[in-house]
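# A closer look at the structure
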Amino acid sequence: MRESTENLTLINESAVDSTVAEVIDSGKRRWITVIGDEAGVRQQDIESAQQQLAEQQDSPANVVADFIRQSSITGALVARSMLLAPPYSMTEPDLAKVLEEIGHTEAFADIMLSVGTQDDYYYSSQSISVNYANMCVLVIEKDICRTIAQAVRFECETYPRPYKVAMLAQSPYCFEPEQIEAALTAIDTHPDYADIRPVASSDGQAYLFSERFMSYGKAYGLCEWLEVEQFQNP
């Protein structure tokens, strides 16, 4: 009799163990199912993000934006007409569509436009400032008088100080002496540049200043300090 009881006990324990195992197994299956579902969702998200990234990297807008950014790193603007010529050879409708996308997409927020009289020019604000871009446009379009006037006005308003004429022979202008001389002659008589006036230090260094932002006396005092007095009183 005791043996039967023991057997019954063993049977009951076995049944309990089996039930517990089934419960545990069922729980595992639910966990595995949940984990599997979550992994599937994550995998779909990853694949979707990868697809979007691949599409963005290969899109014409991304190619053009990358070209503009690389040009800006070297200090060069990209004229709109360049994108219509080889090697890009984009059609006018395609280019218009690409530029519209660049102008309305947050990822291309650094791509800026500077409008010239002969073309539109694009650059990245990550590498080029607005003032530098505007100057480059004037240099590209060979509007020397406007270039000089804008450089002088910017210098007088921003710092403020007169603008040394010798700077016009350096980058980004690189004007020849005869170009500078001809432009200064034109500026001296053109009404659009009536505020641009010459001034020189006592040692003969030529400067220009804008009467919109400073008087002759202040301009003279500053160029005299820059060329002579700062070296006498370091």
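Structural data are supplied above this passage.
Calculation notes
Residues numbered from 1 in each chain as written. Predicted model: local features only at pLDDT ≥ 70, side-chain atom pairs only at ≥ 80, totals over all residues. Heavy atoms only, no water. Pairing = 2+ DSSP bridges. Helix = DSSP H or I, 4+ residues; strand = E, 2+ residues; numbered from the N terminus. Core = buried A, V, L, I, M, F, W, Y, C linked by side-chain atoms within 4.5 Å. Buried < 20%, exposed > 50% of the residue type's maximum accessible area, 1.4 Å probe, protein only. Contact = heavy atoms within 4.5 Å. Expected span 1.5 Å × (residues − 1).

## Section: the sheet that holds strand β4 (residues 163-164)
Sheet strands pair via backbone hydrogen bonds, and the direction of the pair is either parallel or antiparallel. Taken together, 3 strands build an open sheet; the order of strands is β4-β6-β5 and the sheet is antiparallel. At either margin of the open sheet sits one strand with a lone partner, and together these are β4 and β5 (196-200). Where β4 and strand β6 (residues 206-210) come together, 2 bridges link them in antiparallel fashion. When the bridges of β6 are listed, Y163 appears paired with L208.

## Brief notes about the nonpolar core
Counting 26 residues, the largest nonpolar core has I148, V152, L168, Y173, F175 and I196 as its most contacted members. When contributions to this core are tallied by element, the ones reaching two or more residues are α4 (130-140), α5 (144-158), α6 (177-189), β5, β6 and α7 (216-232). Residue contributions to this core peak at 7 residues, all from α5. Those residues in contact with F175 that lie beyond four places of it in its chain are V139, I144, T147, L168, A169 and I180. Ranked by size, the runner-up nonpolar core spans 14 residues in total, among them A61, M90, I102 and Y122.

## Points about helix α2 (residues 60-73)
Helix length check: α2, at 14 residues, gives a terminal C-alpha distance of 20 Å against a target of 20 Å (1.5 Å per residue), a fit within 8%. At the exit of α2 stands G75, carrying a positive phi of roughly 85°.

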